[in-house]
Structure formats: C-alpha cells, structure tokens
Amino acid sequence: MSSGNIKDVEVQKHSSGRLTKLYIVALSAVALLTIIGQLLIQRAITNQLDDSYVVNMAGRQRYSSQEICKLCLLIRDDIPHNSYPNIQVMLDSLLGQWKERHLGLLYGNNKLNLPVTESTIVKEMFVDLEPYFNAVYINAYKISLASKKKPRDSIQIESALRDVIDNEKIFLEYMNKIVYQYDNEARAKVLFLKKVELFLFILTILILLGEGYFI
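What counts, and at which threshold
- Residues numbered from 1 in each chain as written.
- Predicted model: local features only at pLDDT ≥ 70, side-chain atom pairs only at ≥ 80, totals over all residues.
- Heavy atoms only, no water.
- Helix = DSSP H or I, 4+ residues; strand = E, 2+ residues; numbered from the N terminus.
- Buried < 20%, exposed > 50% of the residue type's maximum accessible area, 1.4 Å probe, protein only.
- Contact = heavy atoms within 4.5 Å.
- Areas by Shrake-Rupley, 256 points an atom, 1.4 Å probe, with all protein chains shown as cover.
- Core = buried A, V, L, I, M, F, W, Y, C linked by side-chain atoms within 4.5 Å.
- Salt bridge = Lys/Arg side-chain N within 4 Å of Asp/Glu carboxyl O.
- Lys, Arg positive; Asp, Glu negative; His and termini not counted.
- Polar contact = N/O pair within 3.5 Å; in protein donor to acceptor, adjacent residues only side chain to side chain.
- Disulfide = S-S within 2.5 Å.
- Expected span 1.5 Å × (residues − 1).
- Bend = angle between axes of the 7 residues up to and from the residue.
- Axes fitted to C-alpha atoms, helices over the stretch in contact; angles between N-to-C directions.
- Parallel < 35°, antiparallel > 145°, perpendicular 65-115°, else oblique.
- Left-handed = near helix turned anticlockwise from the far one by under 90°.
- Nonpolar A, V, L, I, M, F, W, Y, C, P; charged D, E, K, R; others polar.

> Before we move on, could you go through the overall build of the protein chain and cite the residues and values that matter?
From N to C terminus, the protein chain includes four helices and zero strands. The secondary structure elements of the protein chain, listed N-terminal to C-terminal, are α-α-α-α. Of all 215 residues assigned to the protein chain, the portion counted as buried reaches 31%. For the protein chain, the share of sequence-separated contacts (at least 6 apart) that also reach a separation of at least 24 residues comes to 73%. Carbon and sulfur atoms make up 61% of the accessible area of the protein chain, which amounts to about 13900 Å² in all.

See the structure below:
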C-alpha cells in the first residue's frame, strides 16, 4: 500500500472517529433536553394541581364567610332551618374550619394539603385581610356564646351581628382579590413553562439539524 493510500485511510479513520463523537454528543444532548423537558412538565403538573387546590380553598373561604353571616342572622332572629338542625353547633364547626383554612392558606397545612404561601404579594394581601377576618371570627363566636346563655343575650348578639355584617363585606372584597392573585400567578407559571418548552424544542431541532448536516 502506498504512503498516499495510508494517509487517506488515516484521514478517513480520523474523520469517522470525529463524526462518531459528534453523533454521540448530539444524541446525548437530545436525550438530556428530553429528560429536562419531561421533568419540567411533571413539576408543572404537580404545581398546577397544588395551585388549583389553593384557588379552590380560597374560594371556599368566601363562601364560608357568607354562610357564617347567614347563620348569625338565623340565630339573631331565632329562625329554624331544615339544613341546620343545630345552628349553634354548625356555626362553631364552620368557624373552626374557616380559621383552619385561613391559617393553612398562609402558613401551609399538611392535613388540608395546603403548601406554604411563597408569594410576597399574597402575604401582603393577607396582612391587609387579617383585621377583617378577625373581626368576623371573633364577633361570630360571641354570637354563638351569647345564644347559648339562658336567657339569650340579645343585646350582645345584635351588637356582634352588626360587626360581622360590616366586616364580612370588606373581607369578601379582599378575599376576591387574593383569589384573583392566586389565579394570575398560576397562569404566569404556565406561560413561563410554555416559553421554556419552546426554547427546549427549538434547541433540540437545531441539534438534530446540525447532526444531519454533519452526517
């Protein structure tokens, strides 16, 4: 074999080895991008489930505040209701659940599967909400206690009911804003994920095109 042929063979081997390395690198890059994309999707799905549950719990807080107000009115007027066989017991139970969800939304609650709130904006909104929540909770509890006295303390019930009604309206306004904020932040996460997914998709296509070019 002539020296020229030997050189050609060596060049072909070197070129083949270089192409093989590029091919392996390209495949590894595609595999890595695929794994990263899958991890991001799985994480996003988990976050979406958490976010939807948080929004649902926050919405229940609005409904519960209205039900608390309704029960207080039934107690004040001493009106029986088929849906509430024991109004005082129902009010006490509802107040306990209402407070538990309120604290869970802010600080997290494993029992309710609520994560700790990480949003600075939501935390600040809860600070603004707190006095109105406390006013409704404390006065509704006063109504429950006053209704159990013999005879009933009608004056205390009437006074507490006014505070419940006044503060519950403002509570609803703040809680509506919190629910919208939760929803906006959840949407922002989805939009960010879409951008990341698009970037990974384009990068993967470019790698595959480059691989095809070299082959």
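Next comes the rest of the write-up.
> A description of the nonpolar core should follow, citing residues and the corresponding values.
Ranked by internal contacts, the top residues of the largest apolar core, which has 37 residues, are Ile-68, Cys-72, Leu-105, Phe-126, Ile-143, Met-175 and Tyr-182. Counting only elements with at least two residues in this core, the list comes to α1 (3–77), α2 (87–107), α3 (120–148) and α4 (154–214).

> Now, about the pattern of salt bridges: what can you tell me, with residues and values included?
Evaluation of the coordinates by the stated rule reveals seven salt bridges. Glu-158 is the partner of Arg-76 in a salt bridge, and the nearest nitrogen-oxygen pair spans 3.0 Å. Within this pair, whereas Arg-76 is found in helix α1, its partner Glu-158 is found in helix α4, the two being separated by 82 residues in sequence. On the accessibility criterion, Glu-158 (26% relative accessible area) is partly exposed. For the salt bridge of Lys-148 with Asp-92, the shortest nitrogen-to-oxygen distance reads 2.6 Å. Here Lys-148, found in helix α3, pairs with Asp-92, found in helix α2; they are 56 residues apart in sequence, far enough to count as distant. Residue Lys-148 is classed as partly exposed on the basis of its relative accessible area, which comes to 44%.

> I'd like a rundown of the side chain of Glu-67, residues and numbers included.
Structurally, Glu-67 is set in helix α1. Of the buried charged residues, Glu-67 lacks a salt bridge, with Lys-70 as the closest side chain of opposite charge at 6.5 Å. Residues within four places of Glu-67 in sequence aside, it is in contact with Tyr-84, Met-90 and Leu-94.

> Give me the lowdown on the side chain of Ser-65, citing residues and values where you can.
Tracing the chain through its elements places Ser-65 in helix α1. Judged by its relative accessible area of 0%, Ser-65 falls in the buried class. For Ser-65, the side chain forms a polar contact with the main-chain oxygen of Arg-62, separated by 2.7 Å. The contact partners of Ser-65, leaving out residues within four places of it in the chain, are Trp-98, Glu-168, Phe-171 and Leu-172.

> I'd love a proper account of the state of the cysteines, names of residues and values included.
A complete count under the given rule lists zero disulfides for this structure. A disulfide-free cysteine, Cys-69 has its sulfur positioned 6.5 Å from the sulfur of Cys-72, the nearest such atom. According to the relative accessible area criterion, Cys-69 is buried, its value standing at 10%.

> I'd like to hear about α3, residue by residue, with values.
End to end, α3 covers 42 Å across 29 residues, agreeing with the expected 42 Å (1.5 Å per residue, within 8%). Maximum bend of α3: about 40 degrees, positioned at Leu-129, with proline Pro-131 one to four residues after it.

> I'd like a rundown of the packing of α2 against α3, residues and numbers included.
The N-to-C vectors of α2 and α3 enclose an angle of 165 degrees; their axes lie 10 Å apart at closest approach. Comparing the axis directions of α2 and α3 gives the class roughly antiparallel. Considering how the two elements wind past one another, α2 and α3 form a crossing that is left-handed. Residue-level inspection shows Gln-88, Leu-91, Asp-92, Leu-95, Trp-98, Lys-99, His-102, Leu-105 and Leu-106 of α2 in contact with α3, the latter providing Lys-123, Phe-126, Leu-129, Glu-130, Phe-133, Val-136, Tyr-137, Ala-140, Tyr-141, Ser-144, Ser-147 and Lys-148. Partitioned by chemical class, the residues of the contact of α2 with α3 number twelve nonpolar, four polar and five charged.

From the geometry alone we can't say anything about function, so treat these as descriptive.
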